[in-house]
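Examination of the molecular architecture
One letter stands for each residue in the lines below.
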Amino acid sequence: MQSSLKEKTAKGLLWGAVNNGAQQVLVLVFGIVLARLLSPEEYGMVGLLTLFTLMGNALQESGFRAALVNLKHIRHEDYNAVFWCSLCIGCIAYAVLFGCAPFIARFYGEPALVPLARYCFLAIPIASLGTAQGAWLYRNLQVKQQAFSGIIAHIVSGCTGIVLALYGFSYWGIATQSLTYLVVVTLCTWHYSPWRPTLPVDFSPIRPLFAFSSKLLITNIANHLNNNLLSVLLGKFFSTQTVGNYNQANKWNGTGHQFITGMLNSVAQPVLATVREDRERASQVFRKILRFTAFLSFPALFGLSSVTRELVLLTVGEKWTDSIPMMQLLCLGGAFIPFTTLFSSLIISQGRSDLYMRNILSQVVLQLCIVLAVIGFGGSIYTLITSYVCLSVGWLCVWQYFARRFIDLSFPLLVRDLLPFLLSAASACCLGVASSQWTGENLLASFAVKVIVTAGCYLLFQKILHADVLDECIDYLLKKKRP
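Here the structure is a predicted model, which is why all the values come from computation and not from measurement. (Residues numbered from 1 in each chain as written. Predicted model: local features only at pLDDT ≥ 70, side-chain atom pairs only at ≥ 80, totals over all residues. Heavy atoms only, no water.)

Observations concerning the overall build of the protein chain
Helix and strand counts for the protein chain come out as 22 helices and zero strands. Relative to the compact-globule value of 23 Å for 483 residues, the protein chain shows a C-alpha radius of gyration of 22 Å, a close match. Considered along the principal axes of its C-alpha atoms, the protein chain spans approximately 70 × 60 × 50 Å. Evaluated residue by residue, the protein chain yields a buried proportion of 54% over its 483 residues. Restricting to contacts in the protein chain with at least 6 residues of sequence separation, those with at least 24 account for 85%. Carbon and sulfur atoms provide 67% of the accessible area of the protein chain, an area that totals close to 20,800 Å². Positive and negative side-chain charges of the protein chain, numbering 35 and 22 respectively, have mean locations separated by a distance of 4 Å. (Helix = DSSP H or I, 4+ residues; strand = E, 2+ residues; numbered from the N terminus. Rg over C-alpha atoms; globule rule 2.2 N^0.38 Å. Buried < 20%, exposed > 50% of the residue type's maximum accessible area, 1.4 Å probe, protein only. Contact = heavy atoms within 4.5 Å. Areas by Shrake-Rupley, 256 points an atom, 1.4 Å probe, with all protein chains shown as cover. Lys, Arg positive; Asp, Glu negative; His and termini not counted. Charge placed at Lys NZ, Arg CZ, Asp CG, Glu CD.)

So, in structure tokens, the structure goes:
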């Protein structure tokens, strides 16, 4: 059973890497093209509505996916109740936000947001059609099928967005791109999942599910508030250009850390749920995934921060120069986001959605107080981002404190697991930056030198430190290549 779990986890992580790697490359490529065609102000218009769309989607999903995964014995009636409940909530949420569009536009002082908001919010009922099918794929670790769905959706939606931008549809093209992505993903999810909704509907399974999922719903809303708090406040206190630059910087940062968080989301909760009855085994599994996460996250995000200037100027151009320092700060904080995802999966797999909820709510309240204090004292956008990043990194200690209830992970053990990878990545990036000084103003040469030197030094450091993660990854990949 241990061998089977290890094989499933490795396979899930591998396909998660393929899925998220391919998707992030597509996001990057299409994002570069769109960023050259559109202005920061146009990006800012859609960015002002992101939080409302995410909160609507959180409402229709209501934590049901995680609740279905945690069920020991699942029936058709459970999926069926979730499907119809999610669809009803999605339609109601859209109707409410449709009516609120004028108030949102008045809040930001942008009348053009009224029709745009009503168009963007269609994402909520569309997404609700795939909640139950997505839960089936997730519970059964159908990572390959989820990978194909995401890749196909990114290709179709990206091409759609570029065509509309070329024909002068401005921010309407960005909005249509997002809706197209959801439509294609939903259709693919239906194709790959054998489960289908039926009538009549019995909503009785919702009550026991909602006792668990309601806390996840509150937590997901709080998470969206926390992750998009700066966009909302920037839209109120700063210009749409600043919002656009911040969203562009955050998009690049997201491209980096979502590759890793997406891998973890594919397998972490289902895998940890299978070993939750055995504390020692759960500790071993968690720490192994933790080290694997650190092995990838620190070099990826620290490296992205070190090449920000070259990357932005080479791809999207000088009109996005103001986003460079924002992106550098966000990427440093982004290196720690995958760990939050892993700790969250651990707590949810233990059935403690209440603990997860209290943790996230506390972080959101503290973050809001800090941000309002910075704005009240006239702080700059960079001060806001710095405070945001520092709290996110420091909150890792809080996650570790709660994790100790379920696994044997003391703070010294956490440091011992993370520090070698953090120091190796930071040292490799410093060597990469120092080695690029001779390239002068040649951006392409500077980018190439930083990437090659940083990657080479990091792998060398891992070999010197005899990192088990590196050896296991190489062994697994070589085994897959053998006939």
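From this point, things continue past the structure.
As for the pattern of salt bridges
Evaluated as defined, the whole model comprises five salt bridges. Between Asp408 and Arg279 there is a salt bridge whose closest N-O contact spans 2.9 Å. Of this pair, Asp408 sits in the loop between helix H19 (396–403) and helix H20 (411–435) while Arg279 sits in helix H13 (residues 279–306); the two residues are 129 residues apart in sequence, bridging distant segments of the chain. Taking relative accessible area as the criterion, Asp408 reaches 43% and is therefore assigned partly exposed. With a shortest N-O distance of 2.8 Å, Asp417 and Arg287 are connected by a salt bridge. Taken together, the residues Asp417 in helix H20 and Arg287 in helix H13 connect sequence positions 130 residues apart. Considered together, Asp417 and Arg287 belong to a single accessibility category, that of buried residues. Taken together, the salt bridges that share partners define one network made up of Arg287, Arg291 and Asp417. (Salt bridge = Lys/Arg side-chain N within 4 Å of Asp/Glu carboxyl O.)

Things to note about the environment of Leu182
Note on placement: Leu182 falls in helix H10 (residues 171–192). Leu182 has contacts with Ala123, Ile126 and Ala127, leaving out every residue within four places of it along the chain.

Brief notes about the state of the cysteines
Applying the stated criterion across every chain, the model contains zero disulfides. The cysteine Cys85 is free of any disulfide, with Cys88 supplying the nearest cysteine sulfur at 6.8 Å. Of all cysteine sulfurs, the one in Cys120 lies closest to Cys100, which takes part in no disulfide; the gap is 15 Å. The partly exposed category is assigned to Cys100, whose relative accessible area is 30%. (Disulfide = S-S within 2.5 Å.)

Concerning the side chain of Thr189
Within the element layout of this structure, Thr189 appears in helix H10. The class for Thr189 is buried, based on a relative accessible area of 8%. Apart from the residues lying within four places of it in its own chain, the contact partners of Thr189 are Gly130, Gln133, Gly134, Leu137 and Ser149.

Side note on unusual backbone geometry
Backbone torsion omega between Leu199 and Pro200 reads 0 degrees, so that peptide bond is classified as cis. By the element assignment, Pro200 lies in the loop between H10 and helix H11 (206–237). One non-glycine residue with positive phi stands out, namely Ser170, at about 55 degrees. Mapped onto the fold, Ser170 is located in the loop between helix H9 (143–166) and H10. Residue Ser170 is classed as buried on the basis of its relative accessible area, which comes to 16%.

Considerations on the packing of helix H5 (residues 76–108) against helix H6 (residues 113–120)
Here H5 crosses H6 at 150 degrees, and the two axes come no closer than 8 Å. Relative to H6, the crossing made by H5 is right-handed. Contact residues: Tyr94, Phe98, Ala101, Pro102, Ala105 and Tyr108 in H5; Leu113, Val114, Ala117 and Arg118 in H6. Residues belonging to the contact of H5 with H6 are distributed by class as follows: nine nonpolar, no polar and one charged. (Axes fitted to C-alpha atoms, helices over the stretch in contact; angles between N-to-C directions. Left-handed = near helix turned anticlockwise from the far one by under 90°. Nonpolar A, V, L, I, M, F, W, Y, C, P; charged D, E, K, R; others polar.)

Quick word on the side chain of Ser323
Along the chain, the position of Ser323 falls in helix H15 (residues 323–334). For Ser323, a relative accessible area of 2% puts it in the buried group. When neighbours within four sequence positions are excluded, Ser323 is seen to be in contact with Asn245, Ala249 and Val312.

What about the environment of Gly440?
Along the polypeptide, Gly440 turns up in the loop between H20 and helix H21 (443–464). In sequence terms Gly440 and Ser86 are 354 residues apart; their C-alpha atoms lie 56 Å from each other.

Focus on the confidence of the model for the protein chain
Looking at the protein chain as a whole, its pLDDT mean stands at 82, while 90% of the residues score no less than 70. By mean pLDDT, helix H22 (residues 468–481) is the weakest element of the protein chain at 64, and H20 is the strongest at 92. (pLDDT = per-residue confidence, 0-100.)

Here's the deal with a nonpolar patch on the surface
On the surface, Val25, Val29, Val33, Leu37, Val163, Leu166, Tyr167 and Phe169 cluster together into a nonpolar patch covering about 760 Å² of accessible area. Elements with a contribution of two residues or more to the nonpolar patch: helix H1 (2–37) and H9. With four residues, H1 is the single largest residue contributor to the nonpolar patch. Along the polypeptide, Tyr167 turns up in the loop between H9 and H10. Judged by relative accessible area, Tyr167 falls into the exposed class, the value being 67%. (Patch = residues over 30% accessible without salt bridge, like charges linked within 9 Å, V, L, I, M, F, W, Y side chains within 5 Å.)

Observations concerning the packing of aromatic side chains
Tallied over the full model, the rule gives 17 aromatic pairs. Here Phe83 and Trp84 contribute two aromatic rings whose centre-to-centre distance is 5.0 Å and whose plane-to-plane angle is 90 degrees, an arrangement assigned as edge-to-face. When the ring of Tyr356 is compared with that of Trp399, the centres are 6.0 Å apart and the planes differ by 40 degrees; the resulting orientation is tilted. Placement of Tyr356 in helix H17 (residues 353–376) and of Trp399 in helix H19 is noted, with a sequence separation of 43 residues between them. Put simply, the rings of Tyr79, Phe83, Trp84, Trp190 and Trp195 touch in pairs and so form one group of aromatic residues. (Phe/Tyr/Trp six-rings, centres within 6.5 Å; stacked < 30°, edge-to-face > 60°.)

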